Amino acid sequence: MKTLFDTTHVENMVLKNRFIRAAIGEKTTDGHVNQYILDLYTNLAQGGVGTMITGFTLVDESEKSYPIMAFYDDSFADGHRSLTNTAHSLNANIILQLVYVGSYVMGNAAGVTVLAPSAVENLNKKTIPKEISLEEIKNIQNKFANAALRAKNAGYDGIEIHAAHGFLLSQFMTPYYNRRNDLYGGSTPNRARMALETYEAIRKAVGNDYPVWIKINVVDGIEDGVSFDDVLYLCNELSNKGIDAIEISGNWKSRENQSAYFKDEAEAIASKNKTAVILTGGNNDFKEMTEILNTTKISYFGMARALAKYPDLINKFVKENT
Ligand SMILES: Cc1cc2nc3c(=O)[nH]c(=O)nc-3n(C[C@H](O)[C@H](O)[C@H](O)COP(=O)(O)O)c2cc1C
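Quick look at the structure, then. (Residues numbered from 1 in each chain as written. Predicted model: local features only at pLDDT ≥ 70, side-chain atom pairs only at ≥ 80, totals over all residues.)

Thoughts on the overall build of the chain
Counting its secondary structure elements, the chain contains 10 helices and 13 strands. Here the chain has a C-alpha radius of gyration of 18 Å; the compact-globule value for 322 residues is 20 Å, and the two agree. Taken along the three principal axes of its C-alpha coordinates, the chain extends 55 × 40 × 40 Å. Partitioning the contacts of the chain with sequence separation of at least 6, the portion at a separation of at least 24 is 71%. (Helix = DSSP H or I, 4+ residues; strand = E, 2+ residues; numbered from the N terminus. Rg over C-alpha atoms; globule rule 2.2 N^0.38 Å. Contact = placed C-beta atoms within 7 Å.)

Quick notes on the environment of Asp224
In this fold, Asp224 is placed in the loop between β10 (212-217) and α6 (228-240). On the basis of neighbour counts, which here come to 12 C-beta atoms within 10 Å, the residue Asp224 falls in the exposed class. In this structure, the C-alpha to C-alpha distance between Asp224 and Pro175, residues 49 residues apart in sequence, is 5.8 Å. Residues contacting Asp224, with those up to four places away along its chain left out, are Pro175 and Tyr176. (Buried ≥ 20, exposed ≤ 12 C-beta atoms within 10 Å, placed from the backbone.)

Quick notes on the site of the ligand
Taken together, 21 residues are adjacent to the ligand, and Ala22, Ala23, Gly25, Ala304 and Arg305 come closest. For the shell around the ligand, a count of residues per class yields 9 nonpolar, 10 polar and 2 charged. (Near = placed C-beta within 6 Å. Nonpolar A, V, L, I, M, F, W, Y, C, P; charged D, E, K, R; others polar.)

Re the nonpolar core
With 102 residues, the main nonpolar core has Ala195, Ile246, Ile248, Val277 and Leu279 as its most contacted residues. If you tally residues by element for this core, the top one is helix α3 (residues 134-153), at 7 residues. Not counting chain neighbours up to four residues away, the residues in contact with Ala195 comprise Ala163, Leu169, Phe172, Met173 and Leu234. (Core = buried A, V, L, I, M, F, W, Y, C linked by C-beta atoms within 7 Å.)

Some thoughts on the packing of helix α1 (residues 35-46) against helix α2 (residues 77-89)
Relative to each other, α1 and α2 sit at 20 degrees, their axes nearing to 9 Å. The angle between α1 and α2 falls in the class roughly parallel. Viewed along their axes, α1 and α2 form a crossing whose handedness is right-handed. Counted together, Ile37, Leu38, Tyr41, Thr42 and Ala45 of α1 and Ser82, Leu83, Thr86 and Ala87 of α2 form the full contact between these two elements. Considering only residue class, the contact of α1 with α2 consists of 6 nonpolar, 3 polar and no charged. (Axes fitted to C-alpha atoms, helices over the stretch in contact; angles between N-to-C directions. Parallel < 35°, antiparallel > 145°, perpendicular 65-115°, else oblique. Left-handed = near helix turned anticlockwise from the far one by under 90°.)

Some words on the pairing of strand β12 (residues 276-280)
In terms of residue burial, β12 counts as a mostly covered element, since 5 of its 5 residues are buried. Burial of the side chains of β12 extends over both faces: Ala276, Ile278 and Thr280 are buried on one face and Val277 and Leu279 on the other. The pairing of strand β11 (residues 245-249) with β12 spans 4 bridges and is classified as parallel. Across the sheet, the residue bridging to Ile248 is Leu279, located in β12. Crossover handedness for the path β11 to helix α7 (residues 263-272) to β12: right-handed. Bridge count for β12 against strand β13 (residues 300-303) is 3 bridges, and the pairing is parallel. Bridge pairing in β13 places Thr280 opposite Gly302. Since β12 and β13 lie parallel, the crossover through helix α8 (residues 286-295) that links them has a hand, and here it is right-handed. (Pairing = 2+ DSSP bridges. Right-handed = clockwise from strand over helix to strand, strands pointing away.)

What about the environment of Ala164?
Inspection of the secondary structure assignment puts Ala164 in the loop between β9 (158-163) and α4 (168-173). Spatially, the C-alpha atom of Ala164 lies 8.5 Å from that of Val218, the residues being 54 residues apart in sequence. Among residues more than four places away in sequence, those in contact with Ala164 are Ser170, Lys215, Ile216, Asn217 and Ser249.

Observations regarding α1
In a regular helix each residue adds 1.5 Å, so 12 residues correspond to 16 Å; α1 covers 16 Å between its end C-alpha atoms and thus fits that length. Residues of α1 that are buried: Ile37, Leu40, Tyr41, Leu44 and Ala45. The buried residues of α1 occupy an angular sector of 130 degrees when the element is viewed end-on, so they sit on one face. The exposed set on the far side of α1, more than 90 degrees from its buried face, consists of Gln35, Tyr36 and Asp39. Next to the buried residues of α1 lie β3 (19-21), β4 (51-53), α2 and α9 (305-309). Once α1 finishes, Gly48 follows within two positions and takes phi at roughly 105 degrees, a positive value. (Expected span 1.5 Å × (residues − 1). Arc of directions from axis to C-beta.)

In structure tokens, the structure reads:
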């Protein structure tokens, strides 16, 4: 029987248990890692979680007014190096999550040229973006690649591409937001192209052996959202191209009081691909996660709010179950 405390490998990365801290965007006014962030990850690592995914981190200076971490140039490197040293000194892995925000703007978007696949008003934020040009698409892919290489040099155990939750890469997959009629819109392969090319640009920059993960939406929760066939296509292509792990997410905000709510989709994806699958959203029940682990091919469990509330939860699981 598999257990949540198994030591496993995702390609050449060792995970000391199957618990993963799912990303929670940390506030910082200037993009730099600060003492609050260092203390937060110290607490999480001391609480026993094997692998921590950071909050989303900006890859492009054009979004620098957003109050989250950034790594679009080397001025941020010392802070990131402190963060990876902190995690490693406590025997935890740390993965940097990379994002281009786009029309789901964060905080003050004054002065930002807000980009999206098409000039469609954001349903949540009511921003009206500019349609991204082909040149801007390539530029953003390069920004992801450059930030990933910086992350590797700063000691992160891997990076995760944020292609979920309505940010730029996920909007490309979503017909409602992507009304393009060029190579990046229309058919499933065209809408998946942005995520796939971004992955390929990152892979080229960091090399074949460096862990590259991705977080995707399996449900958008809007009319004309991503279809499950789209999702299966994307996962299959990512898997064939060598992505190391796929974290399953979606419209988590409307799933209050449910548990493991993307299990069915994650199970279907895990059964069709050889790539490691992380199920995130509503995980906090030890028995339920153990059951899912042993009845599906899902290998890992992401937890965001449970660990925010109880950073010591994994140690508690160990005490109660070993
Ligand atoms: C305050 C807050 C901030 C979040 N920030 C991020 C983020 O930076 N990147 C991300 O992929 N997901 C983010 N999420 C979503 C979580 O990673 C996770 O997908 C979601 O909370 C569902 O998991 P949970 O039920 O374990 O909380 C955030 C969630 C919360 C509550």
